[in-house]
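Summary of structural features
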Amino acid sequence: MFIFCGIGEHCVVILTFFLNLFNKLAFAYRVARLKLFASISAPSQSPGLLAVIAKTTYLTIMRKVILDLAVSLDGYIEGPNGEIDWCILDDDMEFDKFIESVDTIFYGRVSYDAWGNYQPENDANDSVKAIWKAIHSKNKIVFTRQIRNDNNVTYINSDITQSVEQIKAKDGKDIWLYGGAKLIETFVDRKLIDIYRLSVHPVVLGNGKPLFENLKQRLNFELLSVKKFRSGVVQLIYKNEK
């Protein structure tokens, strides 16, 4: 919408009116969304078509948990000794854009200890340093039974499913499930992952930690996109059909 104002002070008044109106509408939307979620989640609420439509609408705007992983051609995410030296991160993979799309990172304790405060070497290129700086600017949540004193991290040792749903219901960007392997296994088993963002690498490890292990049920996915990069990495993005 374009607003042409011949007189400066009238223009300011009109713009102020529309800005105030926009803020009021945005606030009313947030309040209505919270009330809607509370009403359709109440056990006393009888199911109906309106409730189903409302809940479906609400879920479409919830934050998503995204598993972003490098995986070998034979399905491993780590080598037999935890090696990840085979992982490729080239600029055409636009990993920085993915980092920009999230504001929260889920870690297991072991992965957080290894990578939660990692700093690249001094001789690393600027793009790598920028990526790690962006990663460390995110909200970090560690799922563990060991609670520590760390003002930069939120520790969760309660029910994982309930905690994840509460976090997703809050306003914000999407959430990156970083790992490690045990936490990923738990999220896969409980169907807490919304998007699988898998970068298949042109390497066969022969042994190591598989992505899917100890599955208790079949998983079905909807393919959203496929991208090929100059390194030979192929990125497959799937939606989890829950």
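Definitions and limits used
- Residues numbered from 1 in each chain as written.
- Predicted model: local features only at pLDDT ≥ 70, side-chain atom pairs only at ≥ 80, totals over all residues.
- Heavy atoms only, no water.
- Core = buried A, V, L, I, M, F, W, Y, C linked by side-chain atoms within 4.5 Å.
- Buried < 20%, exposed > 50% of the residue type's maximum accessible area, 1.4 Å probe, protein only.
- Helix = DSSP H or I, 4+ residues; strand = E, 2+ residues; numbered from the N terminus.
- Contact = heavy atoms within 4.5 Å.
- Pairing = 2+ DSSP bridges.
- Axes fitted to C-alpha atoms, helices over the stretch in contact; angles between N-to-C directions.
- pLDDT = per-residue confidence, 0-100.
- Polar contact = N/O pair within 3.5 Å; in protein donor to acceptor, adjacent residues only side chain to side chain.
- 1 Å grid on protein atoms, 1.4 Å probe; cavity = no way out; pocket = protein on both sides within 12 Å on 5 of 7 lines; lining within 4 Å.
- Points joined across faces, edges and corners; volume = space filled by probe spheres on them.
- Nonpolar A, V, L, I, M, F, W, Y, C, P; charged D, E, K, R; others polar.

Some words on the nonpolar core
Counting residues in hydrophobic clusters, the biggest one holds 26 residues, and the most contacted among them are Leu 67, Phe 106, Phe 143, Val 164, Leu 177 and Phe 187. Secondary structure elements with two or more residues in this core: β1 (65-71), β4 (139-143), α6 (160-168), β6 (174-179), α7 (181-189) and β7 (195-200). For this core, the element with the most residues is α7, which contributes five residues. Among all residues touching Leu 67, those that are not within four sequence positions of it are Leu 177, Ile 184, Ile 193, Ile 195, Tyr 196, Arg 197 and Leu 211. In this structure, Ile 99, Trp 176, Tyr 178 and Ile 195 belong to the second largest nonpolar core, which totals 18 residues.

What about the sheet that holds strand β3 (residues 102-108)?
Read across the sheet, eight strands follow the order β5-β4-β3-β6-β1-β7-β10-β9 without closing on themselves; strand pairing throughout is mixed. Each edge of the open sheet carries a strand with a single partner, namely β5 (153-156) and β9 (221-228). On average, adjacent strands in this sheet sit at an angle of 25 degrees to one another, irrespective of strand direction. Pairing of β1 with β6, which is carried by three bridges, proceeds in the parallel orientation.

Describing the confidence of the model for the chain
Per-residue pLDDT for the chain averages 82, and the proportion of residues at 70 or more is 75%. Across residues 1-19 the pLDDT falls below 50, and counting only partners more than four positions away or on other chains, this stretch makes six contacts in the model.

Re the environment of Arg 63
Position of Arg 63 among the secondary structure elements: in the loop between α2 (49-60) and β1. Looking at Arg 63, the relative accessible area reads 6%, which means it is buried. In this structure the C-alpha to C-alpha distance between Arg 63 and Asp 174, which are 111 residues apart in sequence, comes to 4.9 Å. Not counting residues within four places of it along the chain, the set of residues in contact with Arg 63 comprises Asp 103, Thr 104, Ile 167, Lys 168, Lys 170, Asp 171, Gly 172, Lys 173, Asp 174, Ile 175 and Asp 194. Within polar-contact distance, the side chain of Arg 63 engages the backbone oxygen of Ile 167 at 3.0 Å. Within the structure, Arg 63 has its side chain in polar contact with the backbone oxygen of Lys 173 (distance 2.6 Å).

A word on the layout of surface pockets
By volume, the largest pocket is sized at about 1500 Å³. Forming the boundary of the largest pocket are 50 residues, of which Ser 111, Trp 115, Tyr 178, Gly 179 and Gly 180 lie nearest the centre. When residues of the lining of the largest pocket are traced back to their parent elements, those giving at least two are β1, β2 (76-78), α4 (109-115), α5 (126-135), β6, α7 and β7. For the lining of the largest pocket, a count of residues per class yields 28 nonpolar, 13 polar and nine charged.

Considering unusual backbone geometry
For the peptide bond that leads from Gly 179 to Gly 180, omega is 15 degrees, which places it in the cis range. Structurally, the position occupied by Gly 180 is in the loop between β6 and α7.

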